[in-house]
Amino acid sequence: MSTTSTSHQGGYSHDAVVYALQKCGIRHIDTAKRYGCESLLQKAIKESDVKREDLWITTKLWHSDYGYENTKQACLESCKRLGVQYLDLYLVHWPDAQVPGKSNREVRAETWRAMEDLYEKGICRSIGVSNFLINHLEQLKEDCKITPHVNQVEYHPFQRPEELVDYCRSRNIVFEGYCPLAKGEALTHPNIIQLAKKYGKTPAQICIRWSIQNGIVTIPKSTKIERIQENCEVRCGLLASYD
Ligand SMILES: NC(=O)c1ccc[n+]([C@@H]2O[C@H](COP(=O)([O-])OP(=O)(O)OC[C@H]3O[C@@H](n4cnc5c(N)ncnc54)[C@H](OP(=O)(O)O)[C@@H]3O)[C@@H](O)[C@H]2O)c1
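Note that this is a predicted model, so its numbers are computed, not measured.

Another aspect to go through is the overall build of the protein chain. In terms of regular secondary structure, the protein chain is built from 9 helices and 7 strands. Scaling as 2.2 N^0.38, a compact globule of 243 residues should have a C-alpha radius of gyration of about 18 Å, and the protein chain matches this with 18 Å. In terms of principal-axis extent, the alpha carbons of the protein chain reach across some 55 × 40 × 30 Å. Taken across its 243 residues, the protein chain has 51% of its residues classed as buried. Nonlocal contacts in the protein chain, meaning residues at least 24 apart in sequence, comprise 72% of its contacts between residues at least 6 apart. When the accessible area of the protein chain is evaluated, it comes to approximately 11700 Å², of which 50% is carbon and sulfur surface. The positive charge centre, built from 32 side chains, and the negative charge centre, built from 30, are 3 Å apart in the protein chain.

Next comes the structure, spelled out in structure tokens:
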């Protein structure tokens, strides 16, 4: 399980990232060029003293950088801002490309070919996509060689794309679920509150555990130290009883 503190919405907290790395044993950082905090993360990682090889660092390619050459350039720039030689996972952030005169499918295919090169050169140890639907993944299958290793998609009790989850599983694409707390909105739902009371947990822990228990890689975010601690205190065993 990982907790991230890096998206552009809701702010960035240096202290929360350092705390997550130093005190909670969190090793998975999910960020994006779009979030504008890759350089800040370099500083936080350095301060935490956690070794690079012990971290899993994901960042994402924004659509303004789609296309073969731009993708490669953008990846190297992200690595530079993060202060790393390689990424553990690089994601194409959105399926929509918005390049005038070219179809989205064409741009996604060119972009993905650059992602394949980055993977083959070892600059990205794994490559994936985000917010891709089944039809986008089917097109990529026809147009390119390497199946994405990961698809990162919104997943929480109000958003359960089960057909997409099953499709990803059938093709060995890891399904990573973002916004597991529905950006905090799930935490006031009466059913979640009722379950939290029943099990003596907090609403956030119920949502995180629910997602993990469904076999989803789960990446909650908080900028608050005490909430990062709370979000970490969720047992991760799949299908184990919630005692
Ligand atoms: N691929 C994509 O397109 C995409 C899109 C969105 C997000 N993501 C990734 O997913 C991560 C999580 O998504 P998210 O931040 O949008 O949504 P989220 O994790 O569902 O919710 C974060 C919100 O919940 C609050 N929160 C966190 N823990 C809490 C707790 N224990 N009790 C009460 N409130 C709590 C946070 O506030 P405080 O900070 O004030 O605690 C924040 O407002 C992001 O950091 C990003 O890495 C990816």
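Tracing the backbone shows T31 in the loop between β1 (28-30) and α2 (38-48). You can call T31 buried: its relative accessible area is 0%. Between the C-alpha atoms of T31 and V129, which are 98 residues apart in sequence, the distance is 13 Å.

A separate point is the pairing of strand β2 (residues 56-61). Walk down a regular strand and you will see the side chains alternate between the two sheet faces. Buried residues dominate β2, accounting for 5 of its 6 residues. As paired strands, β1 and β2 are joined by 3 bridges and run parallel to one another. Its bridge partner lying in β2, I29 is registered against I57. Running through α2, the crossover from β1 to the neighbouring parallel element β2 is right-handed. As defined by bridge partners, β2 adjoins strand β3 (residues 89-92) across 4 bridges and the pair is classed as parallel. Counterpart to K60 in the pairing with β3 is L91. For the crossover from β2 across helix α3 (residues 68-82) to β3, the handedness is right-handed.

It is worth spelling out the UniProt feature "domain: NADP-dependent oxidoreductase" (unreviewed entry) in the protein chain at this point. In the numbering used here, UniProt assigns the "domain: NADP-dependent oxidoreductase" (unreviewed entry) feature to residues 13-234. Taken end to end, residues 13-234 has its terminal C-alpha atoms 22 Å apart, with 45% of it in helix and 13% in strand.

The next thing to look at is the nonpolar core. Among the nonpolar cores identified, the biggest contains 44 residues, and C75, L87, Y90, V92, W112, L137 and F175 are the most heavily contacted of them. Excluding residues that lie within four positions of it along the chain, F175 makes contacts with N151, V153, Y155, P161, L164, V165, C168, I216 and V217. Residues L181, A182, A186 and A196 belong to the second largest nonpolar core, which totals 11 residues.

Taken together, 27 residues lie near the ligand, and D30, S222, T223, K224 and R227 sit nearest. H93 is positioned such that a nitrogen or oxygen atom in its side chain is 3.3 Å from an oxygen atom of the ligand. Take the shell around the ligand: its biggest share by element is 3 residues, from helix α9 (residues 225-232). Class assignment of the residues belonging to the shell around the ligand gives a composition of 10 nonpolar, 10 polar and 7 charged.

Strand order in the open sheet formed by 7 strands is β1-β2-β3-β4-β5-β6-β7, with parallel pairing between adjacent strands. The sheet is open, and its two borders are formed by β1 and β7 (217-218), each paired with just one other strand. Sheet topology places strand β4 (residues 127-130) next to strand β5 (residues 150-154); 3 bridges connect them, and they run parallel. Its bridge partner being in β5, S130 is matched across the sheet by Q152.

Attention now moves to the pattern of salt bridges. A complete count under the given rule lists 11 salt bridges for this structure. A salt bridge links R105 to E142; the nearest nitrogen and oxygen atoms lie 2.8 Å apart. Here E142 lies in helix α5 (residues 134-143) and R105 lies in helix α4 (residues 104-120), a separation of 37 residues in the sequence. When its relative accessible area of 61% is taken as the criterion, E142 is described as exposed. Between E120 and K145 there is a salt bridge; the shortest N-O distance is 3.3 Å. Here E120 is found in helix α4, whereas its partner K145 is found in the loop between α5 and β5, with 25 residues between them in sequence. In terms of burial, E120 and K145 fall into one category: exposed. Each of the salt bridges in this network shares a partner with another, and the network as a whole consists of R105, E142 and D143.

The rules behind these values
Numbers given to residues run from 1 along each chain, matching the order in which its sequence is written. Note on the predicted model: pLDDT of at least 70 is required for a residue's local features to be given, and 80 or more for side-chain atom pairs to be given and counted; whole-chain, interface and lining totals, by contrast, use all residues. Heavy atoms from the whole structure form the basis of all side-chain values; hydrogens and water molecules are not counted. Segments assigned H or I by DSSP are reported as helices when at least four residues long, segments assigned E as strands when at least two residues long, and all are numbered from the N terminus. The globule rule used here is 2.2 Å times the number of residues to the 0.38 power, and the radius of gyration it is set against is calculated over C-alpha atoms. The buried label goes to any residue with under 20% of its type's maximum accessible area, the exposed label to any with over 50%, and the partly exposed label to all in between, with areas taken from a 1.4 Å probe on protein chains only. Whether two residues are in contact is decided by their heavy atoms, any of which lying within 4.5 Å being enough. A 1.4 Å probe and the Shrake-Rupley method give the accessible areas. Residues count as covered only by the protein chains that appear here. His is not counted, nor are the chain ends; Lys and Arg add positive charge and Asp and Glu add negative charge. Lys charges are placed at NZ, Arg charges at CZ, Asp charges at CG and Glu charges at CD. For two strands to pair, DSSP has to find at least two bridges joining them. Orienting the strands away from the viewer, one traces the path from the first strand over the helix to the second; a clockwise path indicates a right-handed crossover. UniProt positions are given in the numbering used here, feature names are shortened, and annotations may be inferred rather than shown by experiment. Each nonpolar core is a collection of buried residues, namely Ala, Val, Leu, Ile, Met, Phe, Trp, Tyr and Cys, held together in the definition by side-chain atoms within 4.5 Å. Think of it this way: one heavy atom of a residue within 4 Å of a molecule or strand is enough to make that residue near it. Counting of polar contacts relies on pairs of N or O atoms within 3.5 Å, with two restrictions inside protein: one atom must be capable of donating a hydrogen and the other of accepting it, and residues adjacent in sequence are counted only when both atoms are side-chain atoms. Gly is placed with the polar residues, together with every amino acid not listed as nonpolar (Ala, Val, Leu, Ile, Met, Phe, Trp, Tyr, Cys and Pro) or charged (Asp, Glu, Lys and Arg). One speaks of a salt bridge when a side-chain nitrogen belonging to Lys or Arg is within 4 Å of a carboxyl oxygen belonging to Asp or Glu.

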